[in-house]
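Understanding the architecture of this molecule
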Amino acid sequence: MINEERLLKRFLEYVQIDSPTKHEREFADFLKKEMEEIGLEVRMDNAGEKCGSNSGNLIGKLKGNTDGETILFSSHMDTVSPSVGIKPQIKDGVIYSDGTTVLGGDDKAGIAAIMEALETIQEKSVPHGDIEVVFSIYEEGGLFGAKNLDYDSLDAKLAYILDSGGEPGEIIVAGPAQNKINIKFIGKEAHAGVCPEEGISAIQIASEAIRNMNLLRIDEETTANIGIISGGKATNIVTNEVIIEAEARSLDNEKLEKQTNHMMKCCEAAAKKFGGKVEIEINNAYGAFKVDENHEIVRNVKKACENLGFKAHTEKSGGGSDTNILNANGITAINLGIGEKKPHTVEEHIHIKDLENAARLALEIVKVYG
């Protein structure tokens, strides 16, 4: 039932509309008009005013023609840099950028699949309950669109997020919590050639702290990483300040707390050893989620996959997504694979077949509920 030619044209058009994080308005305006033409009631919330984007989240509703349960589909509008002036290329059934930018399939492939499913529903008079749609802003870098979404305007208690890299049939039922850890090591300046013994090197303190940290893969549920280090003025000055930006993630909240505390203790011990100081700021970016594999929302997507001949399988994710935030706000949500490959790189690509199957799956989920 999916119109493959229209879907491909739609996706190629979407990725050529610039929508880097916090600058989604042009794409949002384009989508709003398209959604209204299909027959959705559409509004934009004020999330952008709260988080610094030039657009709000788009919230749409397609009135049902049956009394089937209300369900929600969601994907995010923003793209990571470099994503201005994307020029999609097709080679052997795969869509790439020209190599100077990302492709933007993360997450315009999800949006294209949802929109194609909605248009097909209208064209073919597919039986369906109320369908709600959220196209969010500022997902990359903090999930801020979802965090500031107008949840009071939504009726759905079940949500399908189309934003995972696996092939259609992958069902993400668990995702980690994440702590952002900002650390400032404070030493004492001195002339590095004349009287270095009078100084306390913040670089030395930071090095000692990092040396003693357990990092990267901690266990099957937990990771930690030092992402950014900055500090120092000149080679002839004992550095008095170093700033580190780090993170820890875990599917288990107790393990997250344990790893975070471990990293803090390493910093404090290093500062004490060299006579310096440390200031640590910890912010919880999002909480973990876990959906029971026997939950209705999982059973129904498995049924849809079975109807289409897709191999359904559940997975746990190591990354955060809007799925985390929706679950934290009382909406049971899972993330579905749509075939995004090598996202956040200029090698990002998607197979046309996966794009088509993502749209087919969204449509079939509607039919299962309808």
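Residues numbered from 1 in each chain as written. Predicted model: local features only at pLDDT ≥ 70, side-chain atom pairs only at ≥ 80, totals over all residues. Heavy atoms only, no water.

**Here's the deal with helix α6 (residues 202-211)**
Of the residues making up α6, those classed as buried are Ala-202, Ile-205, Ala-206, Glu-208 and Ala-209. The buried residues of α6 occupy an angular sector of 160 degrees when the element is viewed end-on, so they sit on one face. On its buried face, α6 sits against β9 (177-186), β12 (241-250) and α7 (253-274). For α6, the capping residue at the N-terminal end is Ser-201, with a side-chain oxygen 3.3 Å from the backbone nitrogen of Ile-203. (Buried < 20%, exposed > 50% of the residue type's maximum accessible area, 1.4 Å probe, protein only. Helix = DSSP H or I, 4+ residues; strand = E, 2+ residues; numbered from the N terminus. Arc of directions from axis to C-beta. Contact = heavy atoms within 4.5 Å. Polar contact = N/O pair within 3.5 Å; in protein donor to acceptor, adjacent residues only side chain to side chain.)

**Looking at helix α2 (residues 25-38)**
Helix length check: α2 (14 residues) gives 20 Å between terminal C-alpha atoms against 20 Å at 1.5 Å per residue, within 8%. When we look at burial in α2, the residues that qualify are Phe-27, Ala-28, Leu-31, Glu-34, Met-35 and Ile-38. Along the axis of α2, the buried residues cluster in a sector spanning 130 degrees; they form a single face. For α2, exposure combined with an orientation more than 90 degrees from the buried face picks out Glu-26, Lys-33 and Glu-37. Tucked inside the fold, the buried residues of α2 contact α1 (4-15), β1 (41-44), β2 (58-62), α4 (105-124) and β6 (131-136). (Expected span 1.5 Å × (residues − 1).)

**Points about the sheet that holds β9**
Spatially, 5 strands are ordered β10-β11-β12-β9-β13 in an open sheet, and the strand pairing comes out antiparallel. Two strands in the sheet have a free side with no partner beyond their single neighbour: β10 (216-219) and β13 (277-286). If you compare each strand with its neighbour and ignore which way they point, the axes differ by 20 degrees on average. For β9 and β13, the ladder comprises 9 bridges, and the chain directions are antiparallel. Across the sheet, Asn-182 pairs through a bridge with Glu-281, a residue of β13. Relative to the sheet, α6 contacts β9, β11 (222-231) and β12, its axis offset from that of β12 by approximately 20 degrees. Where α7 meets the sheet, it contacts β9, β10, β11, β12 and β13, and its direction lies at approximately 165 degrees from that of β13. (Pairing = 2+ DSSP bridges. Axes fitted to C-alpha atoms, helices over the stretch in contact; angles between N-to-C directions.)

**Focus on the sheet that holds strand β4 (residues 89-91)**
Sheet architecture is open: 3 strands sit in the order β4-β5-β17, paired in antiparallel fashion. Because the sheet does not close on itself, it has two edges, and the strands there are β4 and β17 (349-351). Averaged over all pairs of adjacent strands, the angle between their axes in this sheet comes to 25 degrees, without regard to strand direction. Here 3 bridges tie β4 to strand β5 (residues 94-96), and the two strands are oriented antiparallel to one another. Residue pairing for β5: Ile-90 is matched across the bridge by Ile-95. Sheet contacts for α1: β4, β5 and β17; angle to β5, the most-contacted strand, approximately 15 degrees.

**Section: empty space enclosed by the protein**
The gaps left among the atoms become clear once a water-sized probe is rolled over them. Under the counting rule described, the total for this entry stands at 1 cavity of 30 Å³ or more. Taken as a whole, the largest cavity spans an internal volume of roughly 30 Å³. Thr-79, Val-80, Val-102, Gly-104, Asp-106, Glu-140, Pro-343, His-344 and Glu-348 together form the lining of the largest cavity. (1 Å grid on protein atoms, 1.4 Å probe; cavity = no way out; pocket = protein on both sides within 12 Å on 5 of 7 lines; lining within 4 Å. Points joined across faces, edges and corners; volume = space filled by probe spheres on them.)

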